[in-house]
Amino acid sequence: MARNLLGIRLLQREDIEELLEIAGDLKLRTLEGRAVPQIHGQVLGMLFFENSTRTRVSFEQAAHYLGIKVTNFATTSSSMAKGETLKDTILTLRYERLNGLVMRHRLSGAPSLAAKYFGGPVINAGDGQHEHPTQALGDALTILERKGDLEGLIVAIVGDVKHSRVARSNAWLLSKMGAEVRFVGPRTLVPEASGALPGKIFYDLASGIDGADVIICLRLQRERMEEGLLSSIGEYTSMYQINKDTLRYADSECLVMHPGPLNRGIEVDDVAADSERSAITSQIENGIFVRMAALHWAFQADEPAPAKKKAKV
Ligand code: NCD
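Our subject in this report is the structure included herewith. (Residues numbered from 1 in each chain as written. Predicted model: local features only at pLDDT ≥ 70, side-chain atom pairs only at ≥ 80, totals over all residues. Heavy atoms only, no water.)

Describing the site of the ligand
Link 1 in the chain: Near the ligand you find R54, T55, R104, H132, Q135, R165, V166, R219, Q221, P259, G260 and P261, and these make up its full shell.
Link 2 in the chain: With respect to the ligand, the side chain of R104 contributes an N or O atom lying 3.0 Å from an oxygen atom.
Link 3 in the chain: Between H132 and the ligand, the recorded distance is 2.7 Å, taken from a side-chain N or O atom to an oxygen atom.
Link 4 in the chain: The pocket occupied by the ligand, as judged from atoms lying within 2 Å of grid points, is the largest pocket.
Link 5 in the chain: Elements with a minimum of two residues in the shell around the ligand: α2 (54–66) and α6 (165–176).
Link 6 in the chain: Taken together, the residues of the shell around the ligand break down into three nonpolar, five polar and four charged.
Link 7 in the chain: Split by domain, the shell around the ligand shows at least three residues from each of two domains, domain 1 (8–132 + 284–299) and domain 2 (134–282). (Near = heavy atom within 4 Å. Polar contact = N/O pair within 3.5 Å; in protein donor to acceptor, adjacent residues only side chain to side chain. 1 Å grid on protein atoms, 1.4 Å probe; cavity = no way out; pocket = protein on both sides within 12 Å on 5 of 7 lines; lining within 4 Å. Sits in = over half its atoms within 2 Å of the grid points. Helix = DSSP H or I, 4+ residues; strand = E, 2+ residues; numbered from the N terminus. Nonpolar A, V, L, I, M, F, W, Y, C, P; charged D, E, K, R; others polar. Domains from an automatic or database assignment.)

Here it is in structure tokens:
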């Protein structure tokens, strides 16, 4: 039986632990050059209706390592450009006998709609401002590797919370795992409604990152912003940039993270992004292993997870 991975909010703590355990096991096997459990005879449709570098390539890599075939769907050259609806497109892919879908879409909830009409598993690769579950899993694996545990950590998510699906998925995951989540940024980008998410709101950077074990920087998502949310980029940068000076407020061992793409010199400077405290390159690499775990979890819900098998493969 297949499972969908549509968002972290819908998962139990046990599901998150299972996914992270599978990812850790698959990473070890891959790095040690040992065999990785294969998923045979499956074709995965990659539906990216929005731009992507990291997420798309790491899903392709993950599928490659697992022996899954990938078929790409280019929105501009597909029948959607002729006016076909999302529902009819998904039904077409179902009867083309694709076995699973990875989907990114500018509308929140589009992958849930796809899951309704598609026969196999659907994995959300980012929907509007809603969720980006595999990004949060990759971030959690990275924090676990560097800090040993998620429970009890202070994690500050800094910047454009309003438009960020990464902020939402991370807030759900980290709070379910017992971390303290803080949202930090200007009022226009951290609206009161963010209070419905599991986290505390701070409008001042120094108090928001005070004692933080981890800072997750967010890009200003100008493609999703209406006019007037920021008086100027320079003012934003002077108040909220993570750099050598502002990092002094955080814990001395604080990790600097960013989901990418980075706008260097705006939300983060070169020193913070490239220092040894930065975990940005590990986030990219771990993206592959959590996506391998997500594919295993989604495709093989009834089979024992690879991490729990006794070193058989
Ligand atoms: C993020 C996204 O697309 O939500 N990027 C990513 O997947 N690594 C964040 C962003 O675009 O700023």
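Quick look at the pattern of salt bridges
Two side chains of opposite charge can pair, provided their charged atoms sit close to one another.
Link 1 in the chain: In the structure shown here, the tally under the stated rule is 15 salt bridges.
Link 2 in the chain: The shortest N-O distance in the salt bridge between R3 and E18 comes to 3.9 Å. In this pair, R3 is assigned in the segment before α1 (13–31) and E18 in helix α1, connecting sequence segments 15 residues apart.
Link 3 in the chain: A relative accessible area of 22% means that R3 is categorised as partly exposed.
Link 4 in the chain: Where R224 meets E50, a salt bridge forms, and the shortest distance between an N and an O atom there is 3.0 Å. Placement of the pair is R224 in the loop between β8 (214–217) and α8 (233–240) and E50 in the loop between β1 (43–48) and α2, with a sequence separation of 174 residues.
Link 5 in the chain: By relative accessible area, R224 is classed as buried at 16%.
Link 6 in the chain: Three or more residues joined by partner-sharing salt bridges are found here, namely R13, E17 and E151. (Salt bridge = Lys/Arg side-chain N within 4 Å of Asp/Glu carboxyl O. Buried < 20%, exposed > 50% of the residue type's maximum accessible area, 1.4 Å probe, protein only.)

A short note on the sheet that holds β1
Link 1 in the chain: The strand order across the open sheet formed by four strands is β2-β1-β3-β4, and the pairing between neighbours is parallel. Each of the sheet's edge strands pairs with one partner strand only, and the pair in question is β2 (69–73) and β4 (122–127). For this sheet, the mean inter-axis angle between neighbouring strands, taken without regard to orientation, is 15°.
Link 2 in the chain: Where strand β3 (residues 100–105) and β4 come together, four bridges link them in parallel fashion. Residue M103 lies in a different strand from β4, and its bridge partner there is N124.
Link 3 in the chain: The strands touched by α2 within the sheet are β1, β2, β3 and β4, with β1 carrying the most contacts at an inclination of about 180°.
Link 4 in the chain: The strands touched by helix α4 (residues 110–117) within the sheet are β3 and β4, with β4 carrying the most contacts at an inclination of about 160°. (Pairing = 2+ DSSP bridges. Axes fitted to C-alpha atoms, helices over the stretch in contact; angles between N-to-C directions. Contact = heavy atoms within 4.5 Å.)

Comments concerning α4
Link 1 in the chain: Restricting attention to buried positions, one finds in α4 the residues A110, P111, A114, A115 and Y117.
Link 2 in the chain: On its buried face, α4 sits against α3 (86–95), β3 and β4.

Description of the pairing of strand β5 (residues 154–158)
Link 1 in the chain: Within β5, five of the five residues are buried, which leaves it mostly tucked inside the rest of the structure.
Link 2 in the chain: Side chains I154, A156 and V158 project from β5 onto one buried face, and the interleaved V155 and I157 project onto a second face that is buried too.
Link 3 in the chain: Two elements, β5 and strand β6 (residues 180–184), share five bridges in a ladder whose sense is parallel. By the bridge assignment for β6, I154 is matched with E180.
Link 4 in the chain: Where β5 and β8 come together, four bridges link them in parallel fashion. Directly across from A156, in β8, lies its bridge partner I215.

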